[in-house]
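# Residue-level structure breakdown
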Amino acid sequence: MRLLHTSDWHLGRSFHRVSLLTAQRAFLDHLVETVTAREVDAVLVAGDVYDRAVPPLAAVELFDEALHRLAALGVPTIMISGNHDSARRLGVGAGLMERGGIHLRTDPERCGEPVVIDDADGPVAFYGLPYLEPALVRERLGAGRAAHTEVLGAAMDRVRADLAARPAATRSVVLAHAFVTGGEVSDSERDLTAGGVASVPAAVFDGVDYVALGHLHGCQTLSDRVRYSGSPLAYSFSEAAHRKSSWLIDLGADGAVTAERAYAPVPRPLARLRGRLETLLDDPALERHAEHWVEATLTDPVRPPEPMAHLTERFPHTLALAFDPDEGPAVTFASYAQRVRGRGDQEVAEDFVEHVREGRAADEEERAVLRAAFEEVRLHEATEEVAP
């Protein structure tokens, strides 16, 4: 059985205020073409279909169009909700969609209820594990405590119990949205927790033939059977070196996995340039970046006048500008966005405390108060989302 493993579409997301809707449409065109050209038997979408819980109308329309196109191909699609999605909103109409071959798995309590698809070699059971917020699903799943490893372990116990009751030749695939230990992060992923350990060991998924992961935006292989497809587009300059793709997975009659990358179209390459303004403007070797989206870090000892205006004359798609002087006092003119990039809420708050107290960092008791506050806000928002 041939599977197309994708994730992290983030429909509705922009890139430094530039709309990516056209690029996302191009990816979905590519996805449909790949399903047809490569004779794919099932499409897997491992969460973060949308970029936020209440997506813009244009993103919803694009998603609706994609579902209609996939359903028209007669190729089953299995998808789960991610931490950016509203599980309840994404799951509306799931029962009706299932009749058209679109299988949405957004309810944690259905982790042990697979979508079963048969091919010439027998059945394949697909288990969808949506993003599991530990504090909200611990009791529902019977987990020992509200932690990522425990709730995913409890969900996988349900998977293994169901699988054990099926014919011995049944192959198995799990879709999950999680941060698995060993995965490489980028700046564009949202933290899964304000405190504690968000990552889970790959061993939590033992006992199944293939694990289609979502959440991390780089395509990566944790083992032959455990992989991230990554996002189909770059959503931060930290992904400038990524080659975006989906996984084409061939699942053999004995559960053996063969993987091949299906490369996604690139709307516009990314470039991270560093140097003094004069060098960036005059170096002929940089001409190849003229039509790229550019992040420029200027190293001039004194901030040049109107640097963005000069940069956009040569690089019209310059989107981000930072300053890191290579001489003189250690002063940075980076924007607030640059300073907090890749830092979690907890780190930003601790930096603020240290700043306003002129260098005296938060102690352990104060850090615990901050962690508790962020956790309470995050859980309140999640609870409001799932409340009837």
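Described in the following lines is the structure provided in the data block. Everything quoted here is computed from the prediction, not taken from an experiment.

## Examining the sheet that holds strand β17 (residues 318-323)
Across a sheet, strands are paired by hydrogen bonds formed along the backbone, either parallel or antiparallel in direction. Overall, parallel pairing links the 3 strands, which are arranged β15-β16-β17 in an open sheet. Sheet topology places β15 (270-275) and β17 at the edges, where each strand pairs with a single neighbour. Pairs of neighbouring strands in the sheet enclose a mean axial angle of 15°, with direction left out of account. Sitting on the sheet, helix α8 (residues 307-314) touches β16 (293-298) and β17, and the angle it makes with β17 is about 135°.

## Focus: the packing of aromatic side chains
In this structure the tally under the stated criterion is 4 aromatic pairs. Here tryptophan 9 and phenylalanine 27 contribute two aromatic rings whose centre-to-centre distance is 6.2 Å and whose plane-to-plane angle is 70°, an arrangement assigned as edge-to-face. Taken as a pair, tryptophan 9 in the loop between β1 (2-6) and β2 (14-15) and phenylalanine 27 in helix α1 (residues 21-37) lie far apart in primary sequence, 18 residues in all. Here tryptophan 9 and phenylalanine 27 have matching classes, each one buried. Between phenylalanine 15 and phenylalanine 237 the ring centres are 5.1 Å apart and the planes differ by 55°, which places this aromatic pair in the tilted class. Of the two residues, phenylalanine 15 sits in strand β2 while phenylalanine 237 sits in the loop between β12 (226-228) and β13 (245-251), which places them 222 residues apart along the sequence. Here phenylalanine 15 and phenylalanine 237 have matching classes, each one buried. A network of ring pairs unites the aromatic residues Phe15, Phe237 and Trp293 as a single cluster. Above the ring of tryptophan 247, the side-chain terminus of arginine 227 is found at 4.5 Å from the ring centroid. The ring of tryptophan 293 is capped by arginine 268, whose NZ or CZ atom sits 5.9 Å from the centre of that ring.

## Section: the pairing of β16
Within β16, 6 of the 6 residues are buried, leaving the element largely enclosed by the surrounding structure. Along β16, one buried face is formed by Trp293, Glu295 and Thr297 and the opposite face, lined by Val294, Ala296 and Leu298, is buried too. Of the crossover connections in this fold, the one passing from β15 over helix α7 (residues 277-282) to the parallel β16 is right-handed. Pairing analysis gives 5 bridges linking β16 to β17, with the strands arranged parallel. If you follow threonine 297 over to β17, its bridge partner there is alanine 322. Viewed along the sheet, the connection from β16 through α8 into β17 turns out right-handed.

How each quantity is defined
- Residues numbered from 1 in each chain as written.
- Predicted model: local features only at pLDDT ≥ 70, side-chain atom pairs only at ≥ 80, totals over all residues.
- Heavy atoms only, no water.
- Pairing = 2+ DSSP bridges.
- Helix = DSSP H or I, 4+ residues; strand = E, 2+ residues; numbered from the N terminus.
- Axes fitted to C-alpha atoms, helices over the stretch in contact; angles between N-to-C directions.
- Contact = heavy atoms within 4.5 Å.
- Phe/Tyr/Trp six-rings, centres within 6.5 Å; stacked < 30°, edge-to-face > 60°.
- Buried < 20%, exposed > 50% of the residue type's maximum accessible area, 1.4 Å probe, protein only.
- Lys NZ or Arg CZ within 6 Å of the ring centre and 35° of its normal.
- Right-handed = clockwise from strand over helix to strand, strands pointing away.

What is shown is where atoms sit, not what they do.
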